[in-house]
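Structural description and commentary
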Amino acid sequence: MMTQRTISLNENSYRELKKLKKKSETYSDLIVRLCNLQNPVLNDPLLEFSGIFSEDEELWEEIENFIQNHRQSHLTNEDIREE
Amino acid sequence: MYIVDTNIIIGILRNKEEIINKYKKISEKSQPIYLTTYSLSEIYVGFYDQDFKKKYPKKLKLQQELFNRMIKKLEYQNRILSLSVDDAKILGNLFHLLRVNGKPIPIIDALNGAIAISRDITVITSDKAHFSVIKEINKQFKVVYW
């Protein structure tokens, strides 16, 4: 069994927490959820969506090559002056 | 502060473990990590290409929807950068230096490079060939290769 700790809150803090608490959640769950919102890793959309292109290796291999070629075909000018 | 180049964004979205682990390490240090609209446009080029659309219609549609959702969240966090007037001055100078040195590079790399120089941000990329040219030309440019 997990050790329990008691913390005291003033009335205002308690009311604010109560507003955020979901029905299925304990106050411990709520505090962990709120702490996670401050975690840069957990709160990063790039990591949240990591793997959305992973299902299709072949497709994204092709798209990456396509993007690479697209880059190569739009270069900064070599020399724009007329002779 | 960092800007992740297109190849790094795709690496994360393709679940490339090595890239994700490195990304997590810098993310844990609470360093702001940005993307540019130019990188996003490159990924959209892939989504809109007719050949890919014909070959993988359903998969691409779903992936684009998820990608759009991710972009919305990043936008909300102010993590998507575009060229400002100050960045444009740096870009103009970079175009000039690339031309007089006879070293053309992809325009998108120059755009990302100029934003990074102008705002003192480090670019993270796997494209050493082109970004090393920017470094050669402008010593203030900061880049790391993954």
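Relevant structure appears above.
Residues numbered from 1 in each chain as written. Chains lettered and ligands numbered in written order. Predicted model: local features only at pLDDT ≥ 70, side-chain atom pairs only at ≥ 80, totals over all residues.

Side note on the overall build of chain A
Stated precisely, the cut-off is as follows: Labels follow the DSSP assignment, with helices taken as runs of H or I lasting at least four residues and strands as runs of E lasting at least two, numbered in each case from the N terminus. Here the globule rule is a power law, 2.2 Å times the number of residues to the power 0.38, and the radius of gyration is based on C-alpha atoms. Once C-beta atoms are placed from the backbone, each residue is buried if 20 or more other C-beta atoms lie within 10 Å of its own, exposed if 12 or fewer, and partly exposed for counts between those two.
Helix and strand counts for chain A stand at four helices and zero strands. At 26 Å, chain A has a C-alpha radius of gyration far larger than the 12 Å of a compact globule built from 83 residues. The C-alpha extent of chain A, read off along each of the three principal axes, is 80 × 35 × 20 Å. Going through the 83 residues of chain A one by one, you find that 11% of them count as buried.

Quick notes on unusual backbone geometry
Residues and elements named next belong to chain B. Residues other than glycine seldom take positive phi values, yet Asn15 does so here, at roughly 65°. Within the fold, Asn15 resides in the loop between α1 (6-13) and α2 (17-28). A tally of 14 C-beta atoms within 10 Å means that Asn15 is categorised as partly exposed. Non-glycine residue Asn78 carries a positive phi angle of around 55°.

Describing the interface of chain B and chain A
In many analyses, interface size is given as the accessible surface area lost on bringing the parts together. Short version of the rule: Contacts are defined on C-beta atoms placed from the backbone: any two residues whose C-beta positions lie within 7 Å are in contact. Amino acid classes used here: Ala, Val, Leu, Ile, Met, Phe, Trp, Tyr, Cys and Pro are nonpolar; Asp, Glu, Lys and Arg are charged; the rest, including Gly, are polar.
At the interface, 34 residues of chain B touch 28 residues of chain A. Contributions of two or more residues to the side of chain B that touches chain A are made by α1, α2, α3 (37-48), α5 (57-76), α6 (85-100) and α7 (107-119) of chain B. Split by residue class, the side of chain B that touches chain A holds 19 nonpolar, seven polar and eight charged.

Considering the sheet that holds strand β5 (residues 142-145) of chain B
Residues and elements named next belong to chain B. For clarity, the cut-off: At least two bridges found by DSSP between two strands is the condition for calling them paired. Working convention: axes come from line fits to C-alpha atoms, limited for helices to the stretch in contact. Angles between N-to-C directions cover 0 to 180 degrees.
The five strands are arranged β3-β2-β1-β4-β5 in an open sheet whose pairing can be described as parallel. For this open sheet the edge positions go to β3 (80-81) and β5, each flanked by a neighbour on one side alone. Pairing between strand β1 (residues 2-4) and strand β4 (residues 122-125): three bridges, direction parallel. Looking at the pairing, Val4 lines up with Ile124 of β4. Across the sheet, α7 touches β1, β2 (33-36), β3, β4 and β5, and the angle it forms with β4 is around 145°.

Structural notes on the pairing of β4 of chain B
Residues and elements named next belong to chain B. What counts is decided by this rule: Assignment of crossover handedness uses the view with strands pointing away from the viewer, where a clockwise path from the first strand over the helix to the second indicates a right-handed crossover.
Note: β4 against β5, four bridges, orientation parallel. When the sheet's bridge partners are listed, Thr122 is paired in β5 with Lys142. Of the crossover connections in this fold, the one passing from β4 over helix α8 (residues 128-137) to the parallel β5 is right-handed.

Some words on the nonpolar core
All names here are of chain B. Worth spelling out the cut-off: Each nonpolar core consists of buried Ala, Val, Leu, Ile, Met, Phe, Trp, Tyr and Cys residues. Their C-beta atoms, within 7 Å, join them into a set.
Ranked by size, the top nonpolar core spans 39 residues in total, and within it Val4, Ile9 and Ala114 carry the most contacts. Counting residues per element, this core draws most heavily on α7, which supplies seven residues. Once residues within four sequence positions are removed from consideration, Val4 is found in contact with Ile9, Ile33, Leu35 and Ile124.

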